[in-house]
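These are the residues of each chain, in order.
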Amino acid sequence: MIELKDVAYTYGGAELFSGLGLTLAPGSFHFLTGPSGAGKTTLLKLCYGELTATSGEVTLFGEPRRGLSRDQLAMTRRRIGVVHQDCQFLDHLPLAENIALPLTVAGRGDEAEGNLKDLLAWVGLTKQAGQRPPELSGGERQRAALARAVITSPDVILADEPTGNIDWEMSQRLLRLLVELNRMGKAVLIATHDLELIRAAKAQVSARVLRLTGRKLQMAGAEL
Amino acid sequence: MARLPRALTLIAGDPGADRSVPPSGFTAWLTLGAAAAMAFLAVFVLAFSAATGRLADRWSEELARTSTLRISAPAEEMAAQTAAAIRVLEQTPGIAAAHALTDEEEEALLAPWFGSDLPLAALPVPQLIEIVEEGEGYDAAGLRARLIAEVPGAVLDDHARWREPLVAAASRLRLLAFVSAILIGAALVAMVTLAVQSSLAANAQIIRVLRLVGARDVYIARAFVRRFTLRALIGAAGGTAAGVAALFILPRSDVAGGFLTGLGFAGQSWLLPLAIPVVAAIAAFWATRAAALSRLRAES
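Conventions we followed
- Residues numbered from 1 in each chain as written.
- Chains lettered and ligands numbered in written order.
- Predicted model: local features only at pLDDT ≥ 70, side-chain atom pairs only at ≥ 80, totals over all residues.
- Heavy atoms only, no water.
- Helix = DSSP H or I, 4+ residues; strand = E, 2+ residues; numbered from the N terminus.
- Rg over C-alpha atoms; globule rule 2.2 N^0.38 Å.
- Buried < 20%, exposed > 50% of the residue type's maximum accessible area, 1.4 Å probe, protein only.
- Contact = heavy atoms within 4.5 Å.
- Areas by Shrake-Rupley, 256 points an atom, 1.4 Å probe, with all protein chains shown as cover.
- Lys, Arg positive; Asp, Glu negative; His and termini not counted.
- Charge placed at Lys NZ, Arg CZ, Asp CG, Glu CD.
- Pairing = 2+ DSSP bridges.
- Axes fitted to C-alpha atoms, helices over the stretch in contact; angles between N-to-C directions.
- pLDDT = per-residue confidence, 0-100.
- Domains from an automatic or database assignment.
- Buried area = accessible area lost by both parts, 1.4 Å probe.
- Salt bridge = Lys/Arg side-chain N within 4 Å of Asp/Glu carboxyl O.
- Polar contact = N/O pair within 3.5 Å; in protein donor to acceptor, adjacent residues only side chain to side chain.
- Nonpolar A, V, L, I, M, F, W, Y, C, P; charged D, E, K, R; others polar.
- Parallel < 35°, antiparallel > 145°, perpendicular 65-115°, else oblique.
- Left-handed = near helix turned anticlockwise from the far one by under 90°.

Where an unreviewed UniProt entry is consulted, chain B appears under the name Cell division protein FtsX, with the organism given as Pseudoroseicyclus tamaricis.

Under an unreviewed UniProt entry, the name given to chain A is ATP-binding cassette domain-containing protein, and the source organism is Pseudoroseicyclus tamaricis.

Right under this line is the structure:
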């Protein structure tokens, strides 16, 4: 579904990584680790087309990223659920409308009602449905961001530190949601420093752990 | 052909797209205020244009339908030459009437310049004969030739030298009004474009989120386009209403007389101001659409 071949990315004259290869096939589950500043967030952005590789080829659902028109890229993004580290929302809208936003944008707003109730319950935000995002805690915002990313049942889920601000119990709950989606054939890529989360996931699903370090992407060691 | 449905989707509106941008902000007031001010000025430009046209038509028509014959002759010949001139004029086809002004009428004509107690008899004032035309009018060249032979002191003034500059002045004033209307429209477009740019910059986070969840440019632009078009429409409607009300407050021309007090519309031309809010909305629609789409493209 998403494939990176011999990809390099340079920012401000400095090469962040090069010769990078990655394939997110249907039903695959990947963790991406590495030191801060190694380029994990950049790699995720390349995967959903927000950034364009300096060299190499990024293919999104069989189409080269460079060949996609703006409208085609927007349509491609509807097939990718993204959870950002900074969890940005439309602060003037209630949480429920924010979570339903991908459906609204896709003209599928009428599907929101059924999905939304179950999803809010799953991420423990039923009571907060009418609140505005600035009124929520960091953890609540992260859960909301994950709910927004999966509401359209996308083919690929990309998450950047999705459990950074939430307790162990809730992170396990969110992990179960991602595992369930993965079992439905969705590809999942999670960038994280949380080794406990990775171990917990590996107990439930066949996950590959990649480490981005020294400008290269490699399989993580046996300790994971 | 693909552009038409795209433009229609921008006009049609989408509750989801509308809600994705917060409704408040100074750009709302900027657009409303600018549209109102421009519409107010546009009402006066239209009224000015209409009044100029009416005035030029009236003057041109009045001057075209009358002429003046001036007889400058020694006092002892004045009566004979006047009678001869009247006779010639009465015989000329295309002349309905010829009337020699009395001393009182000539005094009244000169009163604005010399006062009402003018000793007319002591002054070498020429005899004036007012000529009123009929039908297609008379042959001025033929009449002049006959007057030279029969009334040597007569000079015919068919007002052509007054009419032509008036018509030229009127057409220039109309051109001035047209240029003013264009400038007002351009100022509105510039103001709306600035407001849209500012609004897009202020809502950068919203645009990032919308893109992240797969919103197309036209979806994002729609929220701005519809909102700014409506603001321009409402602002221009308010400005137009205020402008028309101001025209009613001006003194009526039949009371005060003069050109400026005749500023306004007459008859069906009262419908002209109704076009101002529509034109403002159309201008705002295209300005917003162009600004939003170009900004969104530039940001990628």
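Moving on, there is more to tell.
### Thoughts on the overall build of chain A
From N to C terminus, chain A includes eight helices and ten strands. The globule rule puts the C-alpha radius of gyration for 224 residues at 17 Å, and the 17 Å found for chain A is close to it. Out of the 224 residues belonging to chain A, those deemed buried represent 54%. Counting only contacts in chain A whose residues sit at least 6 apart along the sequence, the fraction spanning at least 24 positions is 70%. With the model as given, the accessible surface of chain A reaches about 9600 Å², and the carbon-plus-sulfur share is 48%. Placing the 26 positive and 25 negative side-chain charges of chain A at their respective mean positions leaves the two points 3 Å apart.

### Side note on the sheet that holds strand 3 (residues 29-33) of chain A
All names here are of chain A. Within the open sheet, the six strands sit side by side as 6-7-8-3-9-10. Their pairing is mixed. Of all strands in the sheet, those bounded by a partner on one side alone are strand 6 (80-83) and strand 10 (216-219). Neighbour to neighbour, the strand axes of the sheet diverge by 20° on average, direction disregarded. Here strand 3 runs beside strand 8 (residues 187-191); their pairing, made up of four bridges, is parallel. Considered in strand 8, the bridge of F31 is made with I190. The strands touched by helix 1 (residues 40-47) within the sheet are strand 3, strand 6, strand 7 (156-160), strand 8, strand 9 (208-213) and strand 10, with strand 7 carrying the most contacts at an inclination of about 155°. Here helix 6 (residues 138-150) sits on the sheet in contact with strand 6 and strand 7, set at roughly 175° to strand 6.

### With respect to the confidence of the model for chain B
When pLDDT is averaged along chain B, the result is 83, and 89% of the positions lie at 70 or above. No element of chain B has a lower mean pLDDT than helix 10 (residues 253-256) of chain B, at 54, and none a higher one than helix 9 (residues 217-249) of chain B, at 91.

### Considerations on the domain arrangement of chain A
All names here are of chain A. Once the domains are mapped, chain A shows domain 1 (1-79 + 154-223) and domain 2 (87-152). Between the C-alpha centres of domain 1 and domain 2 the distance comes to 22 Å. A combined buried area of about 1300 Å² lies between domain 1 and domain 2, and 66% of that area is made up of carbon and sulfur atoms. Counting the surface domain 1 buries against domain 2, the share from its top three residues, R78, P154 and L177, is 36%. For the pair domain 1 and domain 2, the number of links is zero salt bridges. Our count for the domain 1 to domain 2 interface comes out at three residue pairs in polar contact (both at pLDDT 80 or more). Of the residues forming the side of domain 1 that touches domain 2, the biggest block, seven residues, is contributed by helix 7 (residues 168-183). By residue class, the composition of the side of domain 1 that touches domain 2 is nine nonpolar, three polar and four charged.

### Examining the interface of chain B and chain A
Interfaces are frequently sized by the accessible area removed from exposure as the parts join. In this complex, chain B contributes 21 residues to the contact, which on the side of chain A involves 22 residues. For the pair chain B and chain A, the summed buried area comes to about 1900 Å², and 56% of that belongs to carbon and sulfur atoms. Counting every contact that joins chain B to chain A gives three salt bridges. Where chain B touches chain A, the interface holds ten residue pairs in polar contact (both at pLDDT 80 or more). When residues of the side of chain B that touches chain A are assigned to their parent elements, the largest contribution, seven residues, is made by helix 8 (residues 204-212) of chain B.

### A short note on the packing of helix 7 of chain A against helix 8 (residues 195-202) of chain A
Residue and element names in this part refer to chain A. Contact pair helix 7 / helix 8: the axes reach a minimum separation of 11 Å and the direction vectors enclose 45°. Relative to helix 8, helix 7 is oriented oblique. Handedness of the helix 7/helix 8 crossing: right-handed. The segment helix 7 lies against helix 8, with W168, S171, Q172 and L175 engaging E196, L197, A200 and A201. In terms of residue class, the contact of helix 7 with helix 8 is made up of five nonpolar, two polar and one charged.

### As for the sheet that holds strand 4 (residues 55-60) of chain A
Sheet strands line up and pair through hydrogen bonds in the backbone, either parallel or antiparallel. All names here are of chain A. Read across the sheet, four strands follow the order 2-1-4-5 without closing on themselves; strand pairing throughout is antiparallel. Two strands in the sheet have a free side with no partner beyond their single neighbour: strand 2 (14-24) and strand 5 (63-64). The pairing of strand 1 (residues 2-11) with strand 2 spans seven bridges and is classified as antiparallel. Bridge pairing in strand 2 places V7 opposite L20.

### Focus: the pattern of salt bridges
If you walk through the whole model with that rule in mind, you get nine salt bridges over all chains. Residue A:E196 is joined to A:R199 by a salt bridge in which the shortest nitrogen-to-oxygen separation is 3.2 Å. Pair noted here: A:E196 and A:R199 are both in helix 8, with a separation of three residues, about one helical turn. Between B:E150 and B:R146 there is a salt bridge; the shortest N-O distance is 3.0 Å. With B:E150 and B:R146 both in helix 6 (residues 140-150), this residue pair falls four residues apart, about one helical turn. Taken together, the shared-partner salt bridges connect A:R70, B:R211 and B:D217 into one network.

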